[in-house]
Amino acid sequence: MAARCGWRSVYFLPLCYRAGAAPLRRRWELPNHGVSSQNRGNRHISSPPSPAFAGATYTELRELCAREPDTFWGSVASHRLTWSSSFQQVSDCDLNTGKIRWFLGGKLNVSVNCLDVHVAKDPEKVALIWEKDEPGTEERVTYRELLEMTCRLANTLKHHGVGRGDRVAIYMPVSPIAVAAMLACTRIGAVHTVVFAGFSSEALAGRIQDAQCKAVVTCNQGVRGGRLINLKATVDAAVKSCPSVQSVLVAQRTNHSTPMGKLDTPLEEAMSKESAECAPEPMDSEDMLFMLYTSGSTGKPKGIVHTQAGYLLYASLTHQYVFDYSPGDVFGCVADIGWITGHSYVVYGPLSNGATTVLFESTPVYPDPGRYWETVERLKINQFYGAPTAIRLLLKYDENWVKKYDRSSLKTLGSVGEPINNEAWEWFYNVVGDRRCPLVDTWWQTETGGVCIAPHPAEEGAEIRPAMAMRPFFGIQLALMDEKGKTITGNDVSGALCISKPWPGMARTIFGDHQRFVEAYFKPYPGHYFTGDGAYRSKDGYYQITGRMDDVINISGHRLGTAEIEDALDEHPDVPETAVVGVSHDIKGEVAFAFVVLKENVSEQQGKVIEELKKLVATKIAKYAVPDHFLVVKRLPKTRSGKIMRRILRKVAMEQTDSLGDVSTLDDPSVVMEIIEEHQRYKSRLAKA
Ligand code: 7RM
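Treat the numbers as computed from the prediction; the structure is a model and nothing was measured. (Residues numbered from 1 in each chain as written. Predicted model: local features only at pLDDT ≥ 70, side-chain atom pairs only at ≥ 80, totals over all residues. Heavy atoms only, no water.)

**A few points about the sheet that holds strand β19 (residues 383-386)**
Definition in use: Any two strands between which DSSP finds at least two bridges are classified as paired. Secondary structure follows DSSP: runs of H or I at least 4 residues long count as helices, runs of E at least 2 residues long count as strands, and numbering of each begins at the N terminus. Only the contacting stretch of a helix is used when fitting its axis, a line to C-alpha atoms as for every element, and angles between N-to-C directions run 0 to 180 degrees. Here a residue-residue contact requires only that any non-hydrogen atoms of the pair lie within 4.5 Å.
Taken in spatial order, the 7 strands of this open sheet run β6-β5-β18-β17-β19-β20-β21, and their pairing is mixed. Edge strands, defined here as strands with exactly one partner in the open sheet, are β6 (139-142) and β21 (439-442). Ignoring which end each strand starts from, the neighbouring axes of this sheet average 20° apart. Summarising the sheet, strand β5 (residues 126-131) and β6 pair through 4 bridges and their orientation is antiparallel. Its bridge partner lying in β6, Trp130 is registered against Glu139. Sheet strands touched by helix α12 (residues 371-379): β5, β6, β17 (330-333), β18 (356-360) and β19. Its angle to β5, the strand with the most contacts, is close to 145°.

Right under this line is the structure:
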């Protein structure tokens, strides 16, 4: 058999899949130095990341990753992925300049890796279980059906002039057709940017404009928690200000008929006229796969760019090892595809591994607080991955909402997006998991592509305990930095969390602004990737995330820059100045607290202005971004150079005024007392109401 597989042979000659001729096929040799005597990590890995590592222990593999990352990643990439041309060089990276390239010279297609390879082996295997809003109405889609749907959608996109490198916005809730839209883009080499369907038309328009999208894929309505959401109307409003958009493809989620304009095409109808086959476009490893907008501490959301091979490999590897996924498992990640968690652990990780993945359309409390666990019982979910905010909401209800459902299928529980507090951890572990399932608290970001820190349940002997059981994934080298930019050594220390070695899943750039990428992630600690988070390394070397070090807040696991909220508020004609900070909230984790300065002549109409401000944030960004608190103040605390000291505002909002810290650099320190008093009046008004 030829060493190089053409696409046809990828289709029809399954044996050639894994033959991607790797330059690094030599068998990995076990290091000859003694294996540490700790039992942790000392077992052989039952299904190693690459056959070359058969018989290796976790400890040995970690050491190999640290010593010879290219040997590790090269072997894993050539064995796990299906290539149409093999790569010539494993990596070419420089964290000083932000140059990141993996698997150079290789060509592959992501949809082939997620669909065709599995169709060739087991076409009737269920790829997707669409857990629709109404319990008991789930639909199953096999790998064969998903490939067909993807090809028809890909051909439809092509007919609308979308080709290699073109950007496509996807504005839909999780559904098989949304997954097919993502995969259809990858089939033809187009770049998708999924926009969370809770974002407003202005937020959607901003993303479409920045990405210069040629097409938008959406649906007439969304269905969530028994309510209908008119998504098409939001898209209509958005595309008015987006001249780059040449077509809008509209799927029908409900029977409701939406008015169709001249850009619009009914999607299912168009797909039915297309062929069910579509030749996959061979893509370079480093071609763009997708972009996803995420918030930073300043400016507009940034279009984080991920590329083909490295992202897919990392999503696939982490999906298997972090969650202890085995073939045949039903993987249940309840995230929306509008966030990176949905990309990596609803779509790309599970599908690349041939898994059955759940698409959860509903909410944790619809029709009642037992929804998640009723779903676990009905679909026999093996891995359940969700956000702490939902757990904090559910633990307020009677335990019987959990106990009455059979959860014996569960093997691993996962948590993501924000710190999981002890109470939530204990409830999730004890009540949901019956103290039987490892609970993996996974730390990662849009920029990291996949999980970077987690406890690794598959590693026998690894300890799992609340809030502190986190260790770096294969190939992730963590460093904590002090204020002077020096690496902090030793244990029982805290600092800025950095990653000091490149890994295949890391973001490559910010779309259209590589300079901003370098400034944000590589300038703060030269030679390292800076995460924006702080972390603590415990006495025994485990990591705990202490929170963001910048002005990014996390509302119900959704990342948001306080500057974005301020920008929206500042558009009000009667509001010369605002400052927004995050304060803790027992369910949402954090909420926004807005300090607002009004023009003198409007101070009488505070209530009215605040209502208008709430509307502004909802229309400029999204409903979830609307601050829970508004406090009108005469002025804001500023340094002599005019910078707002948000640190002080945070203390006031959190009622920690006995630890205000140094206020001597303030232009006029008396402003602090003024704001504290205003806040006390606000509190007593709240108490009365
Ligand atoms: C996956 C995702 C990233 C930010 C990150 C952290 C916070 C995420 C955890 C966490 C504590 C965790 N991507 N974060 N996971 N904090 N423990 N397990 O959430 O780009 O949307 O957000 O979320 O601050 O920097 S994200």
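**Quick look at the nonpolar core**
Under the convention used in this document: Nonpolar cores were defined as sets of buried Ala, Val, Leu, Ile, Met, Phe, Trp, Tyr and Cys residues, with membership established by side-chain atoms within 4.5 Å. The rule is simple: take the accessible area with a 1.4 Å probe, protein chains only, and divide by the maximum for that residue type; under 20% is buried, over 50% is exposed, in between is partly exposed.
Of all hydrophobic cores here, the largest spans 168 residues; its most connected members are Phe72, Phe103, Leu146, Leu157, Tyr348 and Leu351. It is helix α6 (residues 176-188) that contributes the most residues to this core, 10 residues altogether. Those residues within four positions of Leu351 in sequence are excluded, and the remaining contacts are Asn113, Cys114, His118, Ala127, Leu128, Tyr143, Leu146, Val179, Leu183 and Thr357. Core analysis: the next-biggest nonpolar cluster, separate from the first, contains 29 residues, Ile129, Leu379, Val402 and Leu410 among them.

**Brief notes about unusual backbone geometry**
Put simply, Tyr366 and Pro367 share a cis peptide bond, and its omega is -5°. Of note, Pro367 is situated in the loop between β18 and α12.

**Some details on helix α2 (residues 58-67)**
Taken as a whole, α2 has its buried residues at Tyr58, Thr59, Glu60, Leu61, Leu64 and Cys65. In this structure, the buried residues of α2 make contact with α3 (69-80) and α10 (308-322).

**Looking at the packing of aromatic side chains**
Formally: Centres within 6.5 Å make a pair out of two Phe, Tyr or Trp rings, where for Trp the six-membered ring is used; the pair is then stacked when the planes are under 30 degrees apart, edge-to-face when over 60, and tilted otherwise. Distance and angle both matter: a charge sits over a ring if NZ of Lys or CZ of Arg is within 6 Å of the ring centre and within 35 degrees of the ring normal.
Summed over all chains, the structure comprises 41 aromatic pairs. Pairing Phe72 with Trp73 gives two aromatic rings, centres 4.9 Å apart and planes at 80°, and the pair type is edge-to-face. Taking the relative accessible area as the measure of exposure, Trp73 reaches 1% and is therefore buried. Relative to Tyr348, the ring of Phe290 lies with its centre 6.2 Å away and its plane at 5°, an arrangement referred to as stacked. Of this pair, Phe290 sits in strand β15 (residues 288-294) while Tyr348 sits in helix α11 (residues 340-352), and the two are 58 residues apart along the sequence. For the pair formed by Phe290 and Tyr348, the shared burial category is buried. Each member of the aromatic cluster is reached from another via a ring pair, and the members are Phe53, Tyr58, Phe72, Trp73, Trp83, Phe87, Trp102, Phe103, Tyr314, Tyr321, Phe473 and Phe474. The ring of Trp130 carries the charged tip of Lys132 above its face, separated from the ring centre by 4.9 Å.

**Details of the pattern of salt bridges**
Let me state the cut-off plainly: When a carboxyl oxygen of Asp or Glu lies within 4 Å of a side-chain nitrogen of Lys or Arg, that pair is called a salt bridge.
Counting across every chain of the model gives 41 salt bridges. For Glu571, the salt bridge goes to Lys620, with nearest N and O atoms at 2.9 Å. Taken together, the positions of Glu571 in the loop between α17 (562-569) and β31 (577-585) and Lys620 in helix α18 (residues 606-620) put the pair 49 residues apart, joining distant regions of the chain. Classification of Glu571 as partly exposed rests on a relative accessible area of 48%.

**Considerations on the confidence of the model for the protein**
Short version of the rule: You can read pLDDT as the predictor saying how much it trusts each residue, on a scale of 0 to 100.
Chain-level pLDDT for the protein is 91 on average; 92% of the residues reach the 70-or-more range. Low pLDDT, under 50, characterises residues 1-39; the predicted model gives this stretch 74 contacts beyond four residues in sequence or across chains.

**Notes on the pairing of strand β16 (residues 302-307)**
A regular strand places its side chains on the two faces of the sheet in alternate fashion. By the criterion of burial, β16 is predominantly enclosed, with 6 of the 6 residues buried. Side chains Lys302, Ile304 and His306 of β16 all project onto a buried face; the interleaved residues Gly303, Val305 and Thr307 project onto the opposite face, where all are buried too. Where β15 meets β16, 6 bridges bridge the pair, whose relative direction is antiparallel. Across the sheet, residue Tyr293 finds its bridge partner in β16, namely Gly303.

**Regarding the environment of Gln606**
Tracing the chain through its elements places Gln606 in helix α18. What Gln606 contacts, discounting residues up to four positions off in sequence, is Leu598 and Val632.

**A short note on the site of the ligand**
Let me state the cut-off plainly: To be near a molecule or strand, a residue needs just one of its heavy atoms within 4 Å of it. Whenever a nitrogen or oxygen atom comes within 3.5 Å of another N or O atom, the pair is scored as a polar contact, on the condition that within protein one atom can donate a hydrogen and the other can accept it, and that pairs from neighbouring residues in sequence are kept only if both atoms are in side chains. Where accessible areas are quoted, they stem from the Shrake-Rupley method and a 1.4 Å probe; at the residue level, only the protein chains shown are allowed to cover. Under the convention adopted here, Pro, Cys and the residues Ala, Val, Leu, Ile, Met, Phe, Trp and Tyr are nonpolar, Asp, Glu, Lys and Arg are charged, and Gly plus all remaining residues are polar.
Neighbouring the ligand are 17 residues, the closest being Thr442, Thr446, Asp533, Arg548 and Arg559. At 3.5 Å, a backbone N or O of Glu418 approaches a nitrogen atom of the ligand. Contact between the ligand and Thr446: an oxygen atom at 2.6 Å from a side-chain N or O atom of the residue. Here the ligand loses 95% of its free accessible area of 540 Å² to cover by the protein chains. Mapped onto the shell around the ligand, the elements with two or more residues apiece are α11, β21 and β28 (543-548). Its residues placed into classes, the shell around the ligand shows 6 nonpolar, 6 polar and 5 charged.

**Some words on the side chain of Asp533**
Tracing the chain through its elements places Asp533 in strand β27 (residues 529-537). For Asp533, a relative accessible area of 7% corresponds to the buried category. Separated by 2.8 Å, the side chains of Asp533 and Trp443 make a polar contact.

**A closer look at the environment of Asp133**
Mapped onto the fold, Asp133 is located in the loop between β5 and β6. Since its relative accessible area comes to 2%, Asp133 is described here as buried. Along the primary structure Asp133 and Arg227 are separated by 94 residues, whereas in three dimensions their C-alpha atoms are 9.3 Å apart. With residues up to four places along the chain from it excluded, the contact list for Asp133 reads Val223, Arg224, Gly225, Gly226, Arg253, Glu361, Ser362, Tyr366 and Arg371.

**A word on the pairing of β28**
Note that β27 and β28 share 5 bridges and pair antiparallel. Bridging across to β28, Tyr536 finds its partner in Gln544. Adjacent in sequence and paired antiparallel, β27 and β28 are bridged by 5 residues, among which Gly541 carries a positive phi angle near 85°.

**Here's the deal with the packing of α10 against α11**
Helices that pack against each other are described as a pair by the angle of their axes relative to one another and the distance between those axes. Our working definition: Oblique is the label for any angle not covered by the other classes, which are roughly parallel (under 35 degrees), roughly antiparallel (over 145) and roughly perpendicular (65 to 115).
Where α10 contacts α11, the two axes come as close as 8 Å, and the packing angle between them is 90°. It follows from the interaxial angle that α10 and α11 lie roughly perpendicular. Two secondary-structure elements touch here, α10 through Tyr311, Leu312, Ala315, Ser316, Thr318 and His319 and α11 through His343, Ser344, Tyr345, Tyr348, Gly349, Pro350 and Ser352. Split into classes, the residues belonging to the contact of α10 with α11 amount to 6 nonpolar, 7 polar and no charged.

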